[in-house]
Amino acid sequence: MPSYNSKLSRRAFGGAVGATAAAAAVGLGAGPAAASDTARTEPGERPFRAARDRHSRRPNILFILGDDLGWADLSSYGSPHIKTPNLDRLARQGVRFTDAYSGSATCSPTRFSLYTGRYPGRTEGGLAEPIADKSAGLAPTHPTLASLLRSSGYATALIGKWHCGYLPDYSPTKSGWDEFFGNFGGALEYYSKLGLGGEYDLYEGDAEYKDLRYYTRILTERASEYVLRDHHGKPWLLNLNFTTPHWPWIADGDTAASAEIERRIKAGDARALWHQDGGSIEKYRQMVEDLDRSVGEVLKALARSGQEEDTLVFFSSDNGGERFSHNWPLSGNKASLQEGGIRVPNIVRWPARIDGGQVSRVPVFTPDWTATLLELAGTRPDPAHPLDGVSLAGYLLRGEKTAERDLFWRVRGERALRRGNWKYYRGKGGKDQLFDLAGDIREQADKAALEPARLAQLRAAWEKVDAGLLPYPG
């Protein structure tokens, strides 16, 4: 492993490409009066209120994703048996969002929505739910969060799960990331690094990289090295995409279980990684707590680097939890557009600009964070590829009221749209339903018959967006 200089000084804001635009974007100068949020709070939290009249340079961005981590799998989100002290601490130091959503209900479509800032259905690759072979991917010609930030002077890296297409046609290094270290596919065995088709799936750039240690340890080590590196005055974007706690359910040290799954993969068992005959609530707990420890290690490295104050750290999940996840009181899980399939934890910390100990109930979803990060970096989206997300920079930094808009989701056989506290949902059974999430987060009291006009309005709004998306093939 290379060694990097960890003695980093605080870098001047000037001199980077786009610095003038960035100064405007992060709200230098007075803004409107701060708006408070009326969210219910946990002990020690207060409703969000923007801190005003603060100055900063463009932030480094550490964007961390868990994989299939449920909304209530963190102790700060209500888990009764999983302990996540590092992520809880991160929430206490920043803002915890209670009504945050993924861009879709499975892995790769949500990643498309993050990298492009658009609905997955805007691109052919985003129609795969999720990508399972080499026929689909994120086109290298499409602008991404990484390519746009790189054009404005950011160093960019992706460490961990890509799941937006396979070589030779698709890769993070073809889509704006200067560096890539991780896996291309949707899942891999944590020790052998064998993927769904039995292929070896750990790469540095576009070349195989041999390391048979537990995967989460390797990613944590690599990410820590990256944040400690001297980036020569450039701000940086690091997408850190853990595979934890995605199946197979193997914790650090479970070498016997690893060997058995590896044997089955090599014997041609196409379902071996799905691990439907394995795992447990206890094993899942171990994996989530390991994810928490790993995030803690990376955050410690960030503190040692001297860049903590000027780094925006974001933590979330790519979709809702799987069968061992603690999703209560939500209904549904991964692959469903019920709340349990798309509502996810969102934590944001930026010490230079955002006060800690806060909670927000503003409804947000993955493409919003793309728009937000571009604005904070002083980078404009490509006008030929307009964003579907709305920037939250004004809300977070200047106390501006968030725009009233709809949140839209579409997967094969299901549809959903949220407007305010109302949610329109049609599952695979084909029945239109309407829920008031303010008092029914579990989606059990269907108001469709009582509110026919509202149902019709939300259904029409969903169908208007859908008409502008690519149709599913076949």
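Our structure is the block above this text.
For clarity, every value in this text was computed on a predicted model and none was experimentally measured.

**Student:** Hey, could you run me through a positive patch on the surface in this one?
**Tutor:** There is a patch of like positive charges on the surface, built from Arg89, Arg92, Lys300 and Arg304. Mapped by element, the contributors of at least two residues to the positive patch are helix H2 (85–92) and helix H7 (281–305). Topologically, Arg89 is positioned in helix H2. A relative accessible area of 37% places Arg89 in the partly exposed class.

**Student:** Help me understand the environment of Ala155 in this model?
**Tutor:** One can find Ala155 in strand E5 (residues 155–161). In this structure, the C-alpha to C-alpha distance between Ala155 and His232, residues 77 residues apart in sequence, is 9.6 Å. Each residue touching Ala155, except ones within four places of it in the same chain, is listed here: Asp178, Tyr226, His231, Lys234, Pro235, Trp236 and Leu237.

**Student:** Sorry, what's going on with H2 here?
**Tutor:** The α-helix winds at 3.6 residues per turn, so residues separated by three or four positions along the chain end up facing the same way. Looking at H2, one finds that the buried residues are Asn86, Leu87, Asp88, Leu90 and Ala91. The secondary structure elements touched by the buried residues of H2 are strand E3 (95–97), H7, strand E10 (311–317) and strand E11 (346–349).

**Student:** Looking at this structure, I do not really get the nonpolar core. What am I missing?
**Tutor:** As a rule of thumb, nonpolar side chains are buried together in soluble globular proteins. Counting residues in hydrophobic clusters, the biggest one holds 57 residues, and the most contacted among them are Leu62, Ile64, Trp236, Leu238, Leu240, Val295 and Phe315. Looking at which element gives the most residues to this core, the answer is H7, with nine residues. Among the nonpolar cores identified, the runner-up in size contains 47 residues, and Val364, Ala377, Leu392 and Leu396 belong to it.

**Student:** What exactly am I supposed to notice about the packing of helix H5 (residues 215–228) against H7 here?
**Tutor:** When two helices pack together, their arrangement is given by the angle between their axes and by how far apart the axes lie. Close contact between H5 and H7 brings their axes to 8 Å; oriented N to C, the two are set at 15°. Between H5 and H7, the interaxial angle falls into the category roughly parallel. Remark: the crossing between H5 and H7 carries right-handed chirality. Residues Thr216, Arg217, Thr220, Ala223, Ser224, Val227 and Leu228 of H5 touch H7, and the partners they reach there are Asp290, Ser294, Glu297, Val298, Ala301, Leu302, Arg304 and Ser305. Taken together, the residues that form the contact of H5 with H7 break down as six nonpolar, five polar and four charged.

**Student:** Whenever I open this one, the sheet that holds strand E16 (residues 422–426) confuses me. Can you help?
**Tutor:** Hydrogen bonding along the main chain pairs the strands of a sheet, whether they run parallel or antiparallel. Overall, antiparallel pairing links the four strands, which are arranged E14-E15-E16-E17 in an open sheet. Because the sheet does not close on itself, it has two edges, and the strands there are strand E14 (406–411) and strand E17 (432–436). For this sheet, the mean inter-axis angle between neighbouring strands, taken without regard to orientation, is 15°. Alignment of E16 against E17, held across five bridges, turns out to be antiparallel. Directly across from Lys423, in E17, lies its bridge partner Phe435.

Parameters and conventions
Residues numbered from 1 in each chain as written. Predicted model: local features only at pLDDT ≥ 70, side-chain atom pairs only at ≥ 80, totals over all residues. Heavy atoms only, no water. Patch = residues over 30% accessible without salt bridge, like charges linked within 9 Å, V, L, I, M, F, W, Y side chains within 5 Å. Areas by Shrake-Rupley, 256 points an atom, 1.4 Å probe, with all protein chains shown as cover. Salt bridge = Lys/Arg side-chain N within 4 Å of Asp/Glu carboxyl O. Lys, Arg positive; Asp, Glu negative; His and termini not counted. Charge placed at Lys NZ, Arg CZ, Asp CG, Glu CD. Helix = DSSP H or I, 4+ residues; strand = E, 2+ residues; numbered from the N terminus. Buried < 20%, exposed > 50% of the residue type's maximum accessible area, 1.4 Å probe, protein only. Contact = heavy atoms within 4.5 Å. Core = buried A, V, L, I, M, F, W, Y, C linked by side-chain atoms within 4.5 Å. Axes fitted to C-alpha atoms, helices over the stretch in contact; angles between N-to-C directions. Parallel < 35°, antiparallel > 145°, perpendicular 65-115°, else oblique. Left-handed = near helix turned anticlockwise from the far one by under 90°. Nonpolar A, V, L, I, M, F, W, Y, C, P; charged D, E, K, R; others polar. Pairing = 2+ DSSP bridges.

Nothing here speaks to function; it is all geometry.
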